[in-house]
Every structure is written in C-alpha cells, then in structure tokens.
Amino acid sequence: MTREAEGRVLDALDDARTAALLAELVRVPSVTGSDAESELQHRCARLLEESGLDVDLWEIDLAALRATPGFPGTEAPRPQAHGVVGVTGGQGEPALVLQGHVDVVPIGDPARWEGTDPFGARTSGGFLYGRGACDMKGGLAANLAVAAALRASGVRLARPLAVHCVAGEEDGGLGAFATLARGHRGEAAVITEPTGGTVITATAGALTFRIEVEGRAAHGATRHEGVNALEVFWPVFETLRRLEAERNRDPDPLFAGNPLPYPIEVGTVRAGDWASSVPDLLVAEGRLGVRLGEDPARARLALEEALAGIDHPWLREHPVTLTWPGGQFASGRVPEGHELPGQVADAVTDATGVRPIQTAAPYGSDLRLYAARGVPALHYGPGDVRLAHAPRERVELREVFEVSRALALLAVRRCGVRT
C-alpha cells in the first residue's frame, strides 16, 4: 500500500507547476520586515488551503513575543509579522514538519545584478535567477509542491503532515519562535534550506555583536593632538582574528573539510563625521560563531575576555564597549542516533540515485529553535549556499524537483497511508 501511494504522489508532482510556483514566490520582494514579507505569508496560506490543508494564519503579537523568554532577537525594523501553518488530516501530532522561511535579504548594489531585475525570476540554462531563489524559496516551493501533490494524488495520510511557513528567519528567527510558541510542533522537521544535495544534521550558532572604540577628536591639520579611533581599532581586529583561530581548533568531526566552521567577522565599520577631523568614535558590528553544543553565554564571555585583555596603552585607559544587539543564534543538532537522518537519506537515495553525505553548517538557522523545543530537525533543500545573499542569486530547477520527490517519499513513509 505504501509503495503504491508513493508512486501516486510522485506521479502527481508537476515539475512545470513547481517551476511556475517558484517564479511566483521570487517575484514577491519579501525582504525581511517588509510589507511584502506579510503579503507572501498570506499567499502561502492560500496555497496551503488550495491543497486541502487546515491552515492557521495569524498576526504575531510582536510586543508579547519580544517579552517571551528565549526570544531570538531581531535586526530589521518591522511593523508586523504573520505566521502560517498548514496541517493535513490524520490522527495525533504531525509525524513530519516541512519548514521554510519566506523572507529574503536586501538586493545590495543593483548594478551587480547586471541589468536584470533581482525579483524578475528569470530562467536560463536550467537555473532560476532572483533574490531568494536559493535562500530559500526553492525549498519553500518544494514544500508547497509536496502538499499540492498529496492533494492531487488522492493519497490520505494516516498521520498529519505539517507545513510551516515562517517570517523573519534572516534576522534571528522570530517566525519560527512564534510558530513553536503557538504550539505547532511535530515529531521531526526538515528545514529546506539550501544544502547542495547533502543532509545537514547540525548547525553552528552566530551572535551579532557591536564594538565601540573611543578616540579623541582633533582638527585633521593637527592630528597629533587627537587619537584616531580607526587606528586604535586595529589591535581590536587583530584580537578578533586570534580568538577566531583559537575557537576553531579541533572542531566537531561533522565539519570535516571545512577550514573555518566558527567564523568571527566584522560586517560594518563606521567612524568619523567630518573629512578634516580625527574620528573620536568607531562602531564595528559583526558576528561571532558559536560552537556546536556551546552555551551562547560562554561564547559571549570568550569575546568579552579577549577584548578586556588587549594590551594597548590607549585601550587600557579607554576600554572598548561591547554589546549584543540583533540576531542571537544558538547552535543545534539532531540527537545522536535519531532515525530522521537515515530516513531522509533513504528518501533522497530513492529519489535521486545518490546517497547524500551528512555534514554540519557554519551558520545559524531555525534548526536550533526546533531542537530547543524538542523537535529533531535537519536541513535538506535545493541550492548552493554559496549563492545565497549573493548578486545574481540562483537555484538549479533540477535540484528543486529532486528535493520535491525526496520529500514526497519521506512524507508518505513517515506519516503512513490510511487504508
């Protein structure tokens, strides 16, 4: 019965329709915190309803959410956010959750898109181009395609399948946090972030930090009277690089082949307010990698101690200020010996003919939020993460279709079929 049901669901997957759906998703400029992000959530809710799922669409109470213990933080301003969960029929808790985020990062410099519309969803050479195509609307389209195929096939699952569409992943994960806080759980979850054919069973964390370095203002013509905050930042930056090297010694074996699983990087630097003045303040913001299994408080302490130990005459008298704004991603992983990685690997092998390797990712994600709520979760989805957030972002359509087939098999196998 299960084998027959698998075939019916696979036959019901429509690659052309999935490609058109992906293009539709990419054309919505759902940048984190924007009105379009909420627009796309409403569109996902309608698609899930059309696939016959029971849909919970709600406006998230942002003030209450921020006051909830464990709130993951945010970076983008937002007036609103919405949650969307669709659940098939069946008895009990969902046996499987398919999760994807609808938000995307800004496009960056438009010139780097070489005259193309970043939200145009152009197809060429088997790829679909556009902001979010890889991260992660390709995976979102695969999740929605599975739900539609189940409806079209007439297969009824014995236990529920849930599809979670979340907002705000890129700046901390408030959408997943709100979804779980509302009571939407499952026995296991697959988050369809781009994995390039691998199965990611663990993710490092990432904590956003802000460092303020004090200088002393003076006229640029008499700069010897001042202290340039940019100049005294250099020993701070060198300290960050030394700490990074220390924290990347002997990483978990899941990171085999990754030379830097826990990066520390400065993403923005701002200093000075006048061209002919010595800048008296530098503000640097960046991210600190959190090791697998490490308490984020311990990771923060490591940076605090490193900065406090800088041996520099000016900085001894004017120590840097360190704060922790923005997204705060802990690490996360599938529990040792859990059945989910093997089940996903079997489904991928049957769908593609290739056995996927299991590995870890150096970035934070919603995985850790599901793990913290007792829902074993992993990543498997279409796309190369190196193309995420990049100019001319793209995803190979073949991968989207393969992921859809693997997830369809997984859904039937984990949820079972009504007789």
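Let me sum up the structure you'll find in this document. (Residues numbered from 1 in each chain as written. Predicted model: local features only at pLDDT ≥ 70, side-chain atom pairs only at ≥ 80, totals over all residues. Heavy atoms only, no water.)

**What about the pattern of salt bridges?**
Part 1 of the argument: One pass over the full model with this rule turns up 25 salt bridges.
Part 2 of the argument: The residue R182 makes a salt bridge to D56 at a minimum N-O spacing of 2.7 Å. Separated by 126 residues along the polypeptide, R182 in the loop between α6 (174–181) and β7 (189–191) and D56 in strand β1 (residues 54–59) bring together distant segments of the chain.
Part 3 of the argument: For R182, a relative accessible area of 44% translates into the label partly exposed. (Salt bridge = Lys/Arg side-chain N within 4 Å of Asp/Glu carboxyl O. Helix = DSSP H or I, 4+ residues; strand = E, 2+ residues; numbered from the N terminus. Buried < 20%, exposed > 50% of the residue type's maximum accessible area, 1.4 Å probe, protein only.)

**Comments concerning the environment of L21**
Part 1 of the argument: Here L21 is to be found in helix α2 (residues 15–26).
Part 2 of the argument: The exposure class of L21 is buried, given its relative accessible area of 12%.
Part 3 of the argument: Distance in space between the C-alpha atoms of L21 and G89 is 24 Å, their sequence separation being 68 residues.
Part 4 of the argument: Filtering out sequence-adjacent residues up to four positions away, L21 remains in contact with L47, A141, L144 and A145. (Contact = heavy atoms within 4.5 Å.)

**What about the packing of aromatic side chains?**
Part 1 of the argument: Scanning the entire structure with this criterion turns up five aromatic pairs.
Part 2 of the argument: A centroid spacing of 6.3 Å and a plane angle of 50° characterise the contact between F233 and F237, whose relative ring orientation is tilted. Here F237 and F233 lie together in helix α7 (residues 229–247), a separation of four residues that amounts to about one turn. Residue F233 shares its accessibility class with F237, and that shared class is buried.
Part 3 of the argument: Pairing F255 with Y262 gives two aromatic rings, centres 5.4 Å apart and planes at 75°, and the pair type is edge-to-face.
Part 4 of the argument: Classification of Y262 as buried rests on a relative accessible area of 3%.
Part 5 of the argument: The positively charged end of R122 is found above the aromatic ring belonging to Y129, 4.5 Å away from the centroid.
Part 6 of the argument: Sitting over the ring of F127, R394 keeps its end group 5.6 Å from the ring centre. (Phe/Tyr/Trp six-rings, centres within 6.5 Å; stacked < 30°, edge-to-face > 60°. Lys NZ or Arg CZ within 6 Å of the ring centre and 35° of its normal.)

**Here we look at unusual backbone geometry**
For residues besides glycine, phi is generally negative; the peptide bonds are generally trans as well.
Part 1 of the argument: Of note, the bond from D135 into M136 is cis; its omega dihedral lies within 30 degrees of zero at -10°.
Part 2 of the argument: Summarising the element assignment, M136 is placed in helix α5 (residues 133–153).
Part 3 of the argument: Positive phi, close to 55°, is recorded for A121, a residue that is not glycine.
Part 4 of the argument: Note on placement: A121 falls in the loop between β3 (96–101) and β4 (122–124).
Part 5 of the argument: Accessibility expressed as a relative area gives 4% for A121, which makes it buried.
Part 6 of the argument: The phi torsion at H389 lies on the positive side, around 65°, for a residue other than glycine.
Part 7 of the argument: Among the structural elements, H389 can be located in the loop between β16 (377–379) and β17 (394–396).

**What to know about the environment of V102**
Part 1 of the argument: Turning to its location among the elements, V102 is positioned in the loop between β3 and β4.
Part 2 of the argument: With sequence-adjacent residues up to four places away left out, V102 is seen in contact with S30, E37, L40, Q41, C44, K137, L140, C165, V166 and A167.

**Observations concerning the sheet that holds β4**
The pairing of strands in a sheet happens through backbone hydrogen bonds and is either parallel or antiparallel.
Part 1 of the argument: Taken in spatial order, the three strands make up an open sheet running β4-β5-β17, and their pairing is antiparallel. A strand with exactly one partner marks an edge of an open sheet, and here the two such strands are β4 and β17. Going from strand to strand, the sheet's axes swing by 25° on average, the running direction of each strand aside.
Part 2 of the argument: With three bridges joining them, strand β5 (residues 127–129) and β17 adopt antiparallel strand pairing. For Y129, the partnering residue across the bridge sits in β17 and is R394. (Pairing = 2+ DSSP bridges. Axes fitted to C-alpha atoms, helices over the stretch in contact; angles between N-to-C directions.)

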